[in-house]
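Spelled out from the first residue to the last, the chains are:
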Amino acid sequence: MSVIHIRPKPFFEDKSRAFWNLQTLGWLGAFILRALSSIANGQPAVFLVPVFISTVTGYSLTLLMAVGYRYLLMQRPLVTWTASILITFVAAGTSAFIDAWVFTTLNPAIDAPGLKLFLGAFYLTFTLLAAWSALYYAINFFLTIEEQADQLQRLELQASSAQLAMLRYQLNPHFLFNTLNSISTLVLLKQTERANAMLSRLSAFLRYTLINEPTAQVSLEQEVETLKLYLDIEKMRFEDRLRPYFTIDPAVAKAKLPSLLLQPLVENSIKYAVTPLEEGADITISAHPVGENVRIIVSDTGPGLQENMVREHLSTGVGLANIRDRLAQAFGERQSMDVRSTPEGGFSVIIEMPLVLEEQTKVAA
């Protein structure tokens, strides 16, 4: 049974709807509070009429104020605050005049100075409208900050994607050049069957690399299948001198990692382990879970690190820094890469990264 998760929409996703909801609820709450206060003070029911009229007046005036404030938001701060204070004074004066007139109309028997009624209503109304204005500007300031943060996040994501794409595109040209050069050599030697086979495998490998986005992550088993395509091409060059072995724990077969992350490491082993040795070398790719991480090891039985051999730069020329950058872009500080070599020979690159399974990615999406 599938569970449907309904994500609530952000309150301010529709700004116009959020404004009307807050406007209506705010003034309704103000009316209820003033009505309850009047009843608690023993006022007659007829006193609710001026309270209702005052609330409707405030509701209408703040709609007009919102129109003016929307224009003032785009002005300089000095213009905005000066004009806002003037608008609040005018609106409070208008509302106070209406409140005083309604009160004297409904209560003709009460002999109260009109100026005193006006000033009392003005003080209360100005306080309420000033609070409304402050809340209006505070909400708009908050929304502006949120929009800027979202825009910055989108720009950072675009920059990160562009950097990942650049790193991925650095991996292909050298390998493609070597393979085409090998095919050309086979054609010159009139070994057309081997040339056709290598061309077919190269086509399959390139088809895979073109299908996947440069910034995409693939499962470990997909990455292994790509490595096998690549090694099939290289085995046509080195034959029995190239001996690849895969040991992939089924528990991490669906683990996600940047596409073509391991190919330059294998290419590195071919250049520095298989090529210089007459007997060739073994290349082992293993992966297994380690706690909440997955550990991937690419190792070979070549000469390792020697004084006259430096592996800091991979055979593609992009260096181990390329792999480190791609890991950092994908997993932040939750990853590590270690390079090891023993005096007896052999070279290993050990990668640890979070064990994020393909199913977890789909659920999160």
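Residues numbered from 1 in each chain as written. Predicted model: local features only at pLDDT ≥ 70, side-chain atom pairs only at ≥ 80, totals over all residues. Heavy atoms only, no water.

**Quick look at the overall build of the protein chain**
Phase 1: A count of helices and strands for the protein chain gives 10 helices and seven strands.
Phase 2: Out of the 365 residues in the protein chain, the part that is buried amounts to 36%.
Phase 3: In the protein chain, the share of contacts with a sequence separation of at least 24, taken over all contacts with a separation of at least 6, comes to 72%.
Phase 4: Accessible surface for the protein chain amounts to roughly 21800 Å². Of this, 63% is attributable to carbon and sulfur atoms. (Helix = DSSP H or I, 4+ residues; strand = E, 2+ residues; numbered from the N terminus. Buried < 20%, exposed > 50% of the residue type's maximum accessible area, 1.4 Å probe, protein only. Contact = heavy atoms within 4.5 Å. Areas by Shrake-Rupley, 256 points an atom, 1.4 Å probe, with all protein chains shown as cover.)

**Considerations on the pairing of strand E6 (residues 336-341)**
Phase 1: As judged from the six bridges shared by E6 and strand E7 (residues 347-354), these two strands associate in the antiparallel manner. If you follow Val339 over to E7, its bridge partner there is Val349.
Phase 2: Linking E6 back to E7 in an antiparallel pair, the connection comprises five residues, with Gly345 at a positive phi of about 115°. (Pairing = 2+ DSSP bridges.)

**A few points about the sheet that holds strand E2 (residues 242-248)**
Phase 1: Read from one edge of the open sheet, five strands run E2-E4-E5-E7-E6, paired in mixed fashion. Of all the strands in the sheet, just E2 and E6 have a single pairing partner and so form its edges. Adjacent strand axes in the sheet meet at a mean angle of 10° when their direction is disregarded. (Axes fitted to C-alpha atoms, helices over the stretch in contact; angles between N-to-C directions.)

**Observations concerning the confidence of the model for the protein chain**
Phase 1: Scored by pLDDT, the protein chain comes out at a mean of 80, with 81% of its residues at no less than 70.
Phase 2: Taken together, the stretch residues 361-365 has pLDDT below 50 and engages in two contacts with residues farther than four places along the chain or on a different chain. (pLDDT = per-residue confidence, 0-100.)

**Things to note about the nonpolar core**
General note: in soluble globular proteins, nonpolar side chains tend to be found buried as a group.
Phase 1: If you look at the biggest cluster of nonpolar residues, it comprises 43 residues, and the most contacted ones within it are Leu262, Ile270, Ile296 and Ile351.
Phase 2: For this core, the secondary structure elements donating two or more residues are helix H5 (172-188), helix H6 (192-211), helix H7 (220-238), helix H8 (263-274), strand E4 (281-290), strand E5 (293-300), helix H9 (320-331) and E7.
Phase 3: Sequence-distant contacts of Leu262, defined by excluding residues within four places in its chain, comprise Leu220, Glu223, Leu227, Leu257, Ile285, Ile296, Val298 and Ile351.
Phase 4: Judged by nonpolar contacts, the second largest core, of 16 residues, contains Phe19, Ala30, Tyr69 and Tyr136. (Core = buried A, V, L, I, M, F, W, Y, C linked by side-chain atoms within 4.5 Å.)

**Considerations on H8**
Phase 1: Here H8 is 12 residues long and its end C-alpha atoms lie 15 Å apart, about the 16 Å a rise of 1.5 Å per residue gives.
Phase 2: Most of H8 is tucked away: 11 of the 12 residues are buried. (Expected span 1.5 Å × (residues − 1).)

**Some words on the packing of aromatic side chains**
Phase 1: Within the structure shown, the criterion is met by 13 aromatic pairs.
Phase 2: With 6.1 Å between their ring centres and 35° between their planes, Tyr69 and Trp132 make a pair best called tilted. You can see Tyr69 sitting in helix H2 (residues 48-72) and its partner Trp132 sitting in helix H4 (residues 114-169), a full 63 residues away along the chain. Grouping residues by exposure puts Tyr69 and Trp132 together as buried.
Phase 3: An angle of 85° between the planes, with centres 5.9 Å apart, marks the rings of Tyr136 and Tyr137 as edge-to-face.
Phase 4: Taking the relative accessible area as the measure of exposure, Tyr137 reaches 9% and is therefore buried.
Phase 5: Three or more aromatic residues link up through ring pairs in this structure, and these residues are Phe19, Trp20, Tyr69, Trp81, Trp132, Tyr136 and Tyr137.
Phase 6: Its guanidinium or amino end placed over the ring of Phe246, Lys228 lies 5.3 Å from that ring's centre, counting from NZ or CZ. (Phe/Tyr/Trp six-rings, centres within 6.5 Å; stacked < 30°, edge-to-face > 60°. Lys NZ or Arg CZ within 6 Å of the ring centre and 35° of its normal.)

**Examining the environment of Leu143**
Phase 1: Relative to the helices and strands, Leu143 resides in helix H4.
Phase 2: Along the sequence, Leu143 and Glu13 sit 130 residues apart, while their C-alpha atoms lie 9.9 Å from each other.

**Quick notes on H7**
One full turn of an α-helix is made of 3.6 residues, so residues set three or four places apart face in the same direction.
Phase 1: A rise of 1.5 Å per residue sets the reference length of H7, with its 19 residues, at 27 Å; its end C-alpha atoms lie 26 Å apart and thus fit the reference within 8%.
Phase 2: Of the residues flanking the end of H7, it is Glu239, one or two places downstream, whose phi is positive at about 50°.

**Points about unusual backbone geometry**
Phase 1: In this structure, Lys190 is a non-glycine residue whose phi angle is positive, near 60°.
Phase 2: Along the chain, Lys190 turns up in the loop between H5 and H6.
Phase 3: Although it is not a glycine, Glu239 sits at a positive phi angle of roughly 50°.
Phase 4: Along the polypeptide, Glu239 turns up in the loop between H7 and E2.

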